[in-house]
Each structure stands twice: as structure tokens, then as C-alpha cells.
Amino acid sequence: MKNMEHYFHPEIECASREQIREWQNERFLKTFKHVYDNVEYYRNRMKEKGVEFGDIQSIDDLHKLPFLTKDDLRDAYPYGLLAVPLQDCVRIQSTSGTTGKRVVAFYTQHDIDLWDDCCARAICAAGGTKDDVVHVCYGYGLFTGGPGLNGGSHKVGSLTLPMSSGNTDRQIQFMCDLGSTILCCTPSYAAYLAESICERGLRDQIKLKAGIFGAEAWTEEMRRDIENKLGIKAYDIYGLTEISGPGVAFECSEQTGMHINEDHFIAEIIDPKTGEVLPDGEKGELVFTSITKQAFPLIRYRTKDICVLTHEKCSCGRTFVKMSKPMGRSDDMLIVKGVNVFPSQIETVLLNKGYPANYQIVVSRENNSDKLEVMVEMTPEMFSDSLSQISSREKELVDALKAMLGIYAVVHLVAPKSITRSEGKAVRIIDKRNLY
Ligand code: DLL
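Since the structure is predicted, the reported quantities are computational estimates derived from the model, not experimental observations.

1. Points about the site of the ligand
Residues in contact with the ligand amount to 22 residues; listed here are only the nearest, Ala215, Asp236, Ile237, Thr241 and Asp305. Between the ligand and Glu216, the relevant distance is 3.2 Å, taken from a nitrogen atom to a main-chain nitrogen or oxygen of the residue. Between Asp305 and the ligand, the recorded distance is 2.6 Å, taken from a side-chain N or O atom to an oxygen atom. Starting from 610 Å² of accessible surface for the ligand in isolation, the protein chains cover 98%. With five residues, the single largest contributor to the shell around the ligand is strand E7 (residues 233-240). Within the shell around the ligand, the residues separate by chemical class into ten nonpolar, seven polar and five charged.

What follows is the structure in C-alpha cells.
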């Protein structure tokens, strides 16, 4: 017998706002004490901001606490923000993208259980039950997509196909042979799979009914395209490694924003420039405080994702606050082929190889797959090189960028002074994908 529970808990997900606030207050105070007692890095950040332990009496005092950023996580890498002894941890995951120092997150078994519960709620909201075959082609490994949805699917009691990413032929074959009903992957891979299935005339042989797509920005147009091609309902799912992974928020059948699992996370929207907390309905940067985690609880973590929160009643009955799709980022991070890419990483490679800091990054989408191109100005000395020297330079840069970013970029070496200079901020990034 499968050990499964039904993962829609109305007493939690449809609780009154007063009840949610009460849970949040109690769990926040407990987490705050846990972090204060066990994380020196955080105590120091509080001291810098002049906040004492006694200043924090309830959730209403949350705004007094300092923010944490990705830079803090890098600074404290690897163990500086760990709140339990390492022996109590059972898992490490890491953000996609490879700068010198990756961001790592730690989990106790309790943390994994809660994370799996969050993903199970998302699968359940997409109609998943123990009768489903959940086809997970998010990457497995350090990336949280595969492990998160895998764990959620087990909790629901669905038959789980841990496909991981890539090998489209095998994905489609298994989908047909094993009757996959729920597809979990990035929206761009879903679009590619949809196209491949249609091209091969296999649409009638698939049994998919729903898709759970996230980890990168995608538009409503893309949603409709995937839904039409595959004959499914496509649900958005949001999360980030630092806060656990996928399942921090998920869409219900209304498809009008993602419910944040507020019994585990407190969400705030702030003005990214001033840090001031903004009221409901205003657009700003999303900030999370985790209130049930043991190993790696983060207080006021700035996601850099620009969103809007709304407490408007949802006809699905859930009372958890809804976040909009991210509408952009307050930093310059790009997500290309599901990998986090910072322009500064590209710049580091170019400068290390002796190129001037005049470059431009162009991201486009061809055949539903992201393409990353980097235009790099040569120095006048390089420009007088032979064509074969220039092409071997390009190859050298492609390899160095692959080593830094983990993905392939097309490099175009261009003449000195040929990239348009800007009078204000340099226009480093041209993103032609129109994702937001
Ligand atoms: O992308 C976790 C995840 C896996 C979410 C699978 C959903 C499904 P990271 O690699 O740490 O974690 O990247 C987190 O991805 O700050 C957003 O900028 C972006 N992101 C995640 N979900 C969405 C989404 C995973 N649904 C960063 N829409 C986040 C838009 C998203 N952007």
C-alpha cells in the first residue's frame, strides 16, 4: 500500500487570516530565537543595525530586522548561516549558476519533509492524486527542481518518473509508454517537448493532463501555447534554493497568481531602493522569512524578484496570499536555459583574458531554447590578428565562459569601438525574449 495522504488541507490552506497571522507570529518568534542563538553572522548583522534581541516581541517587529542578500550568503559560505550542527543535516542543494562561490543551502530531515509537503500541495493544486504518473524532467542533483518535485510526488503517492533533464527522445518515449499524466519541467523545456510531440504526430498518444512549470519567467502567451499544443492545463510554480526550492508558492486552478505557503514563509514586498515595506498591491521586491526551517532559516531574505502581493479572496478557497508572476529583477541576473547568469561573471572572464570591458550580452529564444551570445570588443592589437587567430581566440572564450557559467555561449569578437557607448549606464544586456 502506498503511504499517501491527501495533500489539500483546507484547515491550513483555507484558514482565516487571523489564524494564519497567529501561526506566523508564533513560528517567527521561535525561528528568530533559533537564529539569534545559533548564527553569529546574523547576530553581527543585527548589531550593525543597532537591533537588540529584546526589540523583537512579535511579527510586527519583523521590519526592524536587517535584510539578508545573496552577497551575505556568499560571504558566509559555506557554513556561516547554518543554524544546527552539520551532523543534523541530511542534504545540501545549490543555486544554478556557478560564480566562484556558489550559494549552498542545508536541510535537516524535518526541512526536507516540509519542502516535500510544499511541493505536494503544488501537485495537488494541479489535480494530482495517487492515480497520477508524475514525469519530472527538472534537473536532479544540486538544482532543487528535480528533488523538490520528486519528493512532492512521493508524498502525494503518485507514481514518480525521475527523468531529469535532457534526452528528448527518451522523455517522449517514456511519456507515451508509461502514460505520464503530469509534466514537471521548465516552461521553455515544456514548449520544446510540446513542439517535438506535435512534430512527431504523437499528440494522441500522450495522456498528459497538467504541467507544473517554473524556475524561470514565462508569459501568458507561452502558457496558452503549451496548453494548446499538449492539451493540458499549465500551472506556475515558484521557489528559490535559499528558501528551500520549488513550492514556496504555487498556482491553483484559477491561474491568477501563486499562493505562498504562508504557514512556512512570511512574504513582504519592499521598495528595492529604500528597503521600506510596501502595502498590498504595490509592486516591489519580494522578501521571505522562513519560519519553520531548522538548518538554514533565513530572515528577511531579498529575492530580487519584482512582484505584487494580493490578499484578495481566491475562488479556489485558499486564503494564502498570492504573488504575481515575477515581473523582473532588481538586480541584473539573467536566467538562461534555467541557469542563473550574472553579467559580472562574463566580465570577469573577459578581463582575465585581457579583453577590454566593452561587451554586450544578447539573449534570445530560438526553437523554444534560449540562446546566449556575447559580443566582445577586441583590443587594436588583437584586431590586427589573422582570421584563424581570431577564431581560436573565440573558441578560447567559449570554453572559458562554459567553465564559468556552465552553459554554452556564442562569442563574436568585434572591432574596437564598435559597441555603442552609452552616456548613462552601459547597456550590457539585450534580452529579446520579452519574458516580463
Ligand atoms: O529555480 C527553484 C525552482 C525549481 C522553482 C523548479 C520552480 C520550479 P533557483 O535556481 O535558486 O531555484 O532560482 C531562483 O528563479 O529567484 C526567480 O528569479 C526564478 N524563478 C523561480 N521560479 C519562477 C517562476 C529555482 N515561476 C530564481 N517564474 C528565483 C519566474 C522564477 N521566475
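And the narrative resumes.
2. Remarks on the layout of surface pockets
Estimated volume of the largest pocket: approximately 650 Å³. Around the largest pocket, the lining is made up of 40 residues, and of these Ala215, Glu216, Tyr238, Gly239 and Ile335 lie nearest the centre. Counting residues per element, the ones that place at least two in the lining of the largest pocket are helix H6 (145-156), E7, strand E8 (245-251) and strand E12 (301-307). Residue classes in the lining of the largest pocket are distributed as 18 nonpolar, 13 polar and nine charged.

3. Details of the nonpolar core
Core analysis: the biggest nonpolar cluster contains 53 residues, and Leu65 and Phe288 have the highest contact counts within it. Of all hydrophobic cores here, the second largest spans 27 residues; its members include Leu350, Leu372, Leu397 and Ala409.

4. A short note on the pattern of salt bridges
Evaluation of the coordinates by the stated rule reveals 34 salt bridges. The salt bridge partner of Arg17 is Glu262, with a shortest N-O separation of 2.6 Å. Of the two residues, Arg17 sits in helix H2 (residues 17-38) while Glu262 sits in the loop between strand E9 (258-260) and strand E10 (265-270), which places them 245 residues apart along the sequence. Assessed through its relative accessible area of 30%, Arg17 is described here as partly exposed.

5. So, the sheet that holds strand E19 (residues 410-414)
Each strand in a sheet pairs with its neighbour through backbone hydrogen bonds, running either in the same direction (parallel) or in the opposite one (antiparallel). In space, the four strands of this open sheet follow the order E19-E18-E17-E20, with mixed pairing throughout. The open sheet terminates on both sides in strands that have one partner only, identified here as E19 and strand E20 (429-431). The sheet shows a mean angle of 20 degrees between the axes of neighbouring strands, direction not considered. Note that strand E18 (residues 369-377) and E19 share five bridges and pair parallel. Residue pairing for E19: Val374 is matched across the bridge by Val411. Running at roughly 125 degrees to strand E17 (residues 359-366), helix H10 (residues 343-352) makes contact with E17, E18 and E20 of the sheet.

6. Focus: the packing of aromatic side chains
Under the criterion given, the structure shown has eleven aromatic pairs. Taking the centre distance of 5.1 Å and the plane angle of 25 degrees together, the rings of Tyr107 and Trp115 count as stacked. Judged by relative accessible area, which is 1%, Tyr107 ranks as buried. Of the aromatic side chains, those joined through ring pairs into one cluster are Phe28, Phe32, Tyr36 and Phe53.

7. Examining the packing of helix H8 (residues 187-199) against helix H9 (residues 220-230)
It is the contact of H8 with H9, at a shortest axis distance of 9 Å, that shows an interaxial angle of 35 degrees. Where H8 crosses over H9, the handedness of that crossing is left-handed. Residues Pro187, Ser188, Ala190, Ala191, Ala194, Glu195, Ile197 and Cys198 of H8 form the contact with H9, whose participating residues are Met222, Ile226, Lys229 and Leu230. Residues that form the contact of H8 with H9 fall into these classes: nine nonpolar, one polar and two charged.

8. Overview of the sheet that holds strand E6 (residues 210-214)
Pairing in this open sheet of nine strands is mixed, and the strands run E4-E3-E5-E6-E7-E8-E9-E14-E13 from one edge to the other. Because the sheet does not close on itself, it has two edges, and the strands there are strand E4 (159-162) and strand E13 (309-310). Strand direction decides the pairing type here: E13 and strand E14 (residues 322-323), joined by two bridges, are antiparallel. By the bridge assignment for E14, Leu309 is matched with Met323. Lying on the sheet, helix H7 (residues 168-178) is in contact with strand E3 (133-136), E4 and strand E5 (182-185); it crosses E3 at an angle near 175 degrees. Packed on one face of the sheet, H9 meets E5, E6, E7 and E8 and runs near 130 degrees to E7.

9. With respect to H9
The set of residues buried in H9 consists of Met222, Arg223, Ile226, Glu227 and Leu230. Looking down the long axis of H9, one finds its buried residues gathered within 130 degrees of arc, a one-sided arrangement. Within H9, the exposed residues directed more than 90 degrees away from the buried face are Glu221 and Asn228. Looking at the packing, one finds that the buried side of H9 touches E5, H8, E6, E7, E8 and E17. At the C-terminal side of H9, Gly231 shows a positive phi close to 65 degrees.

Criteria and thresholds
Residues numbered from 1 in each chain as written. Predicted model: local features only at pLDDT ≥ 70, side-chain atom pairs only at ≥ 80, totals over all residues. Heavy atoms only, no water. Near = heavy atom within 4 Å. Polar contact = N/O pair within 3.5 Å; in protein donor to acceptor, adjacent residues only side chain to side chain. Areas by Shrake-Rupley, 256 points an atom, 1.4 Å probe, with all protein chains shown as cover. Helix = DSSP H or I, 4+ residues; strand = E, 2+ residues; numbered from the N terminus. Nonpolar A, V, L, I, M, F, W, Y, C, P; charged D, E, K, R; others polar. 1 Å grid on protein atoms, 1.4 Å probe; cavity = no way out; pocket = protein on both sides within 12 Å on 5 of 7 lines; lining within 4 Å. Points joined across faces, edges and corners; volume = space filled by probe spheres on them. Core = buried A, V, L, I, M, F, W, Y, C linked by side-chain atoms within 4.5 Å. Buried < 20%, exposed > 50% of the residue type's maximum accessible area, 1.4 Å probe, protein only. Salt bridge = Lys/Arg side-chain N within 4 Å of Asp/Glu carboxyl O. Pairing = 2+ DSSP bridges. Axes fitted to C-alpha atoms, helices over the stretch in contact; angles between N-to-C directions. Contact = heavy atoms within 4.5 Å. Phe/Tyr/Trp six-rings, centres within 6.5 Å; stacked < 30°, edge-to-face > 60°. Left-handed = near helix turned anticlockwise from the far one by under 90°. Arc of directions from axis to C-beta.

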